[in-house]
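For reference, the chains in residue letters:
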Amino acid sequence: MTVKLNDKALRHAKKLVKDGRVVRDERDDWSEHALAAKKETAWREEHGWDEYADWHLGIDTDANEETKARYEFPFGDYDKVHRCAVISMESRAAQYDHDEIAKAAKELLELIDAE
């Protein structure tokens, strides 16, 4: 498995934060705020794989482009960036030695907290 930083998604996330499309929630809220699998699938079917990719900072380059397995480290609910998702992502990325993604998550968190 080769997970790389999705630069396009990072740009997308930063723009959302700058535009005020962010939920400043608490650290452990992500399990409650993440979309349920059925809703996530319905959103992806409506918007397509390219937009789905824009909401994930990690891409597994070994996985098929049109599978959920390819996209990792979601940062929002497909409408807004969630601070809790970014905190969770930073921790999980560091835990699994995805240093580039952990660094990007930290930058994104700093941007959220500065706004």
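Residues numbered from 1 in each chain as written. Predicted model: local features only at pLDDT ≥ 70, side-chain atom pairs only at ≥ 80, totals over all residues. Heavy atoms only, no water.

Peer 1: I'm lost on the side chain of aspartate 25 in this one. Help?
Peer 2: Among the secondary structure elements, aspartate 25 is positioned in the loop between strand S2 (22-23) and helix H2 (30-33). The charged side chain of aspartate 25 is buried without a salt bridge, its nearest counter-charge being arginine 83 at 6.0 Å. At 2.9 Å, the side chain of aspartate 25 and the side chain of histidine 82 are in polar contact. In terms of polar contacts, aspartate 25 uses its side chain to reach the backbone amide nitrogen of arginine 83, at 3.2 Å. In contact with aspartate 25, not counting residues within four places along its chain, are His33, His82, Arg83 and Cys84. (Helix = DSSP H or I, 4+ residues; strand = E, 2+ residues; numbered from the N terminus. Buried < 20%, exposed > 50% of the residue type's maximum accessible area, 1.4 Å probe, protein only. Lys, Arg positive; Asp, Glu negative; His and termini not counted. Salt bridge = Lys/Arg side-chain N within 4 Å of Asp/Glu carboxyl O. Polar contact = N/O pair within 3.5 Å; in protein donor to acceptor, adjacent residues only side chain to side chain. Contact = heavy atoms within 4.5 Å.)

Peer 1: Please explain helix H5 (residues 83-95) as it appears in this structure.
Peer 2: Owing to its 3.6 residues per turn, the α-helix brings residues three or four apart onto one side. With 13 residues, H5 extends 19 Å between its outermost C-alpha atoms, agreeing within 8% with the 18 Å of an ideal straight helix rising 1.5 Å per residue. Turning to H5, its buried residues number three or more, namely Arg83, Cys84, Ala85, Val86, Ile87, Met89 and Ala93. Turning to H5, the residues buried within the fold contact S2, H2, strand S3 (56-60), strand S4 (71-74), strand S5 (81-82) and helix H6 (99-114). Directly after H5, the chain includes aspartate 97, whose backbone phi takes a positive value near 60°. (Expected span 1.5 Å × (residues − 1).)

Peer 1: Would you take a moment to explain the environment of tryptophan 30 for this structure?
Peer 2: By the secondary structure assignment, tryptophan 30 is in helix H2. Linking tryptophan 30 and tryptophan 49, residues 19 residues apart in sequence, is a C-alpha distance of 22 Å.

Peer 1: Got a minute to help me understand the packing of aromatic side chains in this structure?
Peer 2: What the rule picks out here adds up to seven aromatic pairs. Between tyrosine 52 and tyrosine 78 the ring centres are 5.9 Å apart and the planes differ by 15°, which places this aromatic pair in the stacked class. With a gap of 26 residues between them, tyrosine 52 in helix H4 (residues 49-53) and tyrosine 78 in the loop between S4 and S5 connect regions that are remote in the sequence. We classify tyrosine 52 as buried; its relative accessible area is 2%. Using a relative accessible area of 8% as the deciding quantity, one classes tyrosine 78 as buried. What links up through ring pairs into an aromatic cluster is the set Trp43, Trp49, Tyr52, Trp55, Tyr71, Phe75 and Tyr78. (Phe/Tyr/Trp six-rings, centres within 6.5 Å; stacked < 30°, edge-to-face > 60°.)

Peer 1: Hey, could you run me through the side chain of histidine 56 in this one?
Peer 2: Tracing the chain through its elements places histidine 56 in strand S3. Once you skip the residues sitting within four places of it in the chain, histidine 56 turns out to touch Asn6, Ala9, Glu40, Tyr71, Glu72, Phe73, Pro74, Phe75 and Tyr78.

Interpretation note: all reported values are geometric properties and have no functional meaning in isolation.
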